[in-house]
Amino acid sequence: MSDEHAGHHHVNYFIIFGILCFCTLMSVVFDVVEIENKIVLVILVMGVAVAKALFVMTYFMHLKFEGNWKFVLLAPTCALAMGLPLALLPDVGVHYYTQDVPQMHDTVTKHGEKTAHAEEVGESPKTPEKKH
Amino acid sequence: MGLPIPNSKLGMWLFLGTEIMFFTAFIGAYLVLRIGSPGWPDDPKDTHIHVWAGGLNTFVLITSSFFVVVAHEAMGVKNFKKAWNFLGFTFLLSCGFLGIKSYEYYGKISHDILPSHIAENDEQAINKVTDEMEDVVKAEMTRHGLKGTALEDKRTALQAAIGEQKGETLLQLHALDAFDGKFVKLKRHTRENVSLSIAAVDGKFDRTALPAGARLPSLTLHEVEVYVADQKNDPQLKPLMSSVHNPHPIPYGNLFASTYFLMTGFHALHVVIGMILFGMVLMQGSKLDSGWSDWVENSGLYWHFVDLVWIFLFPLLYII
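So, how was this worked out
Residues numbered from 1 in each chain as written. Chains lettered and ligands numbered in written order. Predicted model: local features only at pLDDT ≥ 70, side-chain atom pairs only at ≥ 80, totals over all residues. Heavy atoms only, no water. Helix = DSSP H or I, 4+ residues; strand = E, 2+ residues; numbered from the N terminus. Rg over C-alpha atoms; globule rule 2.2 N^0.38 Å. Buried < 20%, exposed > 50% of the residue type's maximum accessible area, 1.4 Å probe, protein only. Areas by Shrake-Rupley, 256 points an atom, 1.4 Å probe, with all protein chains shown as cover. Phe/Tyr/Trp six-rings, centres within 6.5 Å; stacked < 30°, edge-to-face > 60°. Lys, Arg positive; Asp, Glu negative; His and termini not counted. Salt bridge = Lys/Arg side-chain N within 4 Å of Asp/Glu carboxyl O. Contact = heavy atoms within 4.5 Å. Buried area = accessible area lost by both parts, 1.4 Å probe. Polar contact = N/O pair within 3.5 Å; in protein donor to acceptor, adjacent residues only side chain to side chain. Nonpolar A, V, L, I, M, F, W, Y, C, P; charged D, E, K, R; others polar. Core = buried A, V, L, I, M, F, W, Y, C linked by side-chain atoms within 4.5 Å. Axes fitted to C-alpha atoms, helices over the stretch in contact; angles between N-to-C directions. Parallel < 35°, antiparallel > 145°, perpendicular 65-115°, else oblique. Left-handed = near helix turned anticlockwise from the far one by under 90°. Domains from an automatic or database assignment. Patch = residues over 30% accessible without salt bridge, like charges linked within 9 Å, V, L, I, M, F, W, Y side chains within 5 Å.

Peer 1: So what's going on with the overall build of chain B? Which residues, and what values?
Peer 2: Each helix and strand counted, chain B has eleven helices and zero strands in total. When the helices and strands of chain B are placed in sequence order, the string is α-α-α-α-α-α-α-α-α-α-α. Expected size for 320 residues packed as a compact globule is a radius of gyration near 20 Å; at 28 Å, chain B overshoots this value by more than 25%. For chain B, the spread of C-alpha atoms along the principal axes amounts to about 95 × 50 × 30 Å. Looking at chain B as a whole, 54% of its 320 residues qualify as buried. Split by element, the accessible area of chain B, about 13900 Å² in all, is 64% carbon and sulfur.

See the structure below:
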């Protein structure tokens, strides 16, 4: 039965393969030329990725030749898959509050408070000096 | 009345639907975390990401996907020998993919680019070096069979052993003693946040001459970087310093490592499962017949999905 779906449609898979290779090469070129504008870079490489994905889905996965059941099956899945990223976006992605995390502290502070191995050098823990 | 496709194919598509949600959760969470983390590491010197490796793996997967459709087509025209050959090529390419991935993983592991291992600011970087030197001291003292539960007892045993041993062992013990001295010095300065330019006398810093409210200059990351480099260049200490990493804070490095290994790790697991699916067909050898057509088609759908995931991981992890 599977042959009825794929076998009746003659696709030149080698051309699709060539297009996919070309797209991959384009992605690498976009990296090599070092595009300064990050947004432009994102649009270009993700545009290439979407194009590659469409080629794979359309021809290699034969979705071009499948019935409308593909939309019924895949559309809800794709919509629901966006749930987690969208739920995380307000709090984690786009902070509505001032961020105060260790990664933002680029100077040494409170060295010596971590005295887990203080006894190992033969001395008792001491109150650390603090930087201003 | 039902869908005009085999049940096995419907099952595979339903499974792929769950896979879409699975990987979208990972990729979506990665994107959200990255958007919300200013200064996310994207310099290859920090991440040890190699575009050539990702690009090569993309090419490998695309080629394998092409071979799978050729194999599926060959199954349709009952050219089972050709189908077997192309599935064999696909299997070999998937081995190549995992080989390149392993090389990348090795690079990250050797540079300690691992979740929860990465120092994200100067303080953490200095503490990490100190802890790593301490780990070396403890491991080496254990290796030399120095008795004692506390490190101080082992130090006493080390001095006794130096008086007893000869030859190569004695040289190693001297090196360990010197290394321990360097560790103790760094530990002391780290703990009290005092610059390495200030010498401690009998393990204490002299603050008596300081004006009221004044403090000794603080320890800086640059000082520790130079200190570690000096020890790494010392012929006597070089072997012991091999497992001590240069202090190099990478803001959000742990989040990067977690998401990187999560996404690429699960993707690699899917590659292995795909290899098992193809391996079962290859095991049929000359007995491969049309009864395996649906299997090949469904395995092919699965393999194309694995390719699809990588098509998005490549730009997200390697280029942007």
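Peer 1: Requested: an account of the packing of aromatic side chains, with residues and values cited.
Peer 2: Under the counting rule described, the total for this entry stands at 29 aromatic pairs over all chains. A centroid spacing of 6.3 Å and a plane angle of 90 degrees characterise the contact between phenylalanine 23 of chain B and phenylalanine 26 of chain B, whose relative ring orientation is edge-to-face. Linking phenylalanine 23 of chain B with phenylalanine 26 of chain B, this pair stays in helix α1 (residues 7-35), spanning three residues, or about one helical turn. An aromatic cluster is built from Phe14 and Phe17 of chain A together with Phe59, Phe66, Phe67, Phe86 and Phe89 of chain B, whose rings are joined through pairwise contacts.

Peer 1: Account for the side chain of glutamate 132 of chain B, naming residues and giving values.
Peer 2: Residues and elements named next belong to chain B. Position of glutamate 132 relative to the elements: it lies in helix α5 (residues 122-143). Look at glutamate 132: it is buried, it has no salt bridge, and the nearest opposite charge is lysine 128 at 4.1 Å. Those residues in contact with glutamate 132, other than ones at most four positions away along the chain, are Asp112, Ser243, Val244 and His245.

Peer 1: Can you break down the interface of chain B and chain A residue by residue, with the values?
Peer 2: Chain B puts 82 residues into the contact, and the matching count from chain A is 74 residues. For the pair chain B and chain A, the summed buried area comes to about 6600 Å², and 67% of that belongs to carbon and sulfur atoms. Note that aspartate 42 of chain B and lysine 38 of chain A form a salt bridge whose closest N and O atoms lie 2.9 Å from each other. Taken together, the connections running from chain B to chain A amount to four residue pairs in polar contact (both at pLDDT 80 or more). Mapped onto the side of chain B that touches chain A, the elements with two or more residues apiece are α1, α3 (51-76), α5, α6 (151-164), α7 (167-192) and α11 (293-319) of chain B. Grouping the constituent residues of the side of chain B that touches chain A by class yields 41 nonpolar, 19 polar and 22 charged.

Peer 1: Help me get a handle on the nonpolar core, residues and values and all.
Peer 2: Phe60 and Met61 of chain A together with Trp13, Phe66, Tyr260, Phe305 and Tyr318 of chain B are the most contacted members of the largest nonpolar core, which has 90 residues in total. At the level of secondary structure, the elements contributing two or more residues to this core comprise α2 (13-32), α3 (38-60) and α4 (69-81) of chain A together with α1, α3, α4 (80-110), α10 (253-282) and α11 of chain B. Per-element accounting of this core gives the leading share, 16 residues, to α11 of chain B. Beyond its immediate sequence surroundings of up to four residues, tyrosine 260 of chain B is in contact with Ile49, Lys101, Glu104, Tyr105, Lys108, Gly265, Leu317 and Tyr318 of chain B. Formed by 31 residues, the second largest nonpolar core is a distinct cluster that contains Ile126, Phe183, Leu219 and Val224 of chain B.

Peer 1: Run through the packing of α5 of chain B against α7 of chain B, naming residues and quoting values.
Peer 2: All names here are of chain B. Put simply, α5 and α7 touch, their axes get as near as 10 Å, and they point 150 degrees apart. Taken together, the axes of α5 and α7 are roughly antiparallel relative to one another. Helix-helix and strand crossings are classified by hand; for α5 and α7 the assignment is left-handed. Here α5 contributes Ile126, Asn127, Val129, Thr130, Met133, Glu134, Val136, Val137, Glu140, Met141 and Arg143 to the contact with α7, which in turn contributes Gln172, Leu176, Phe179, Asp180, Lys182, Phe183, Leu186, Lys187 and Thr190. The class makeup of the residues in the contact of α5 with α7 is ten nonpolar, four polar and six charged.

Peer 1: How would you explain the domain arrangement of chain B if you had to name every residue and give the values?
Peer 2: We note that the domain assignment places domain 1 (7-116 + 252-319) and domain 2 (122-201 + 214-241) within chain B. Centre-to-centre separation of domain 1 of chain B and domain 2 of chain B, based on C-alpha positions: 44 Å.

Peer 1: Hey, could you go over a nonpolar patch on the surface for me, with residue numbers and the actual values?
Peer 2: All names here are of chain B. A surface patch of nonpolar side chains, about 430 Å² in accessible area, is lined by Trp52, Leu56, Phe59 and Tyr103. Within the secondary structure, phenylalanine 59 sits in helix α3. A residue is classified by how much of its surface remains accessible, and phenylalanine 59, at 41% relative accessible area, is partly exposed.

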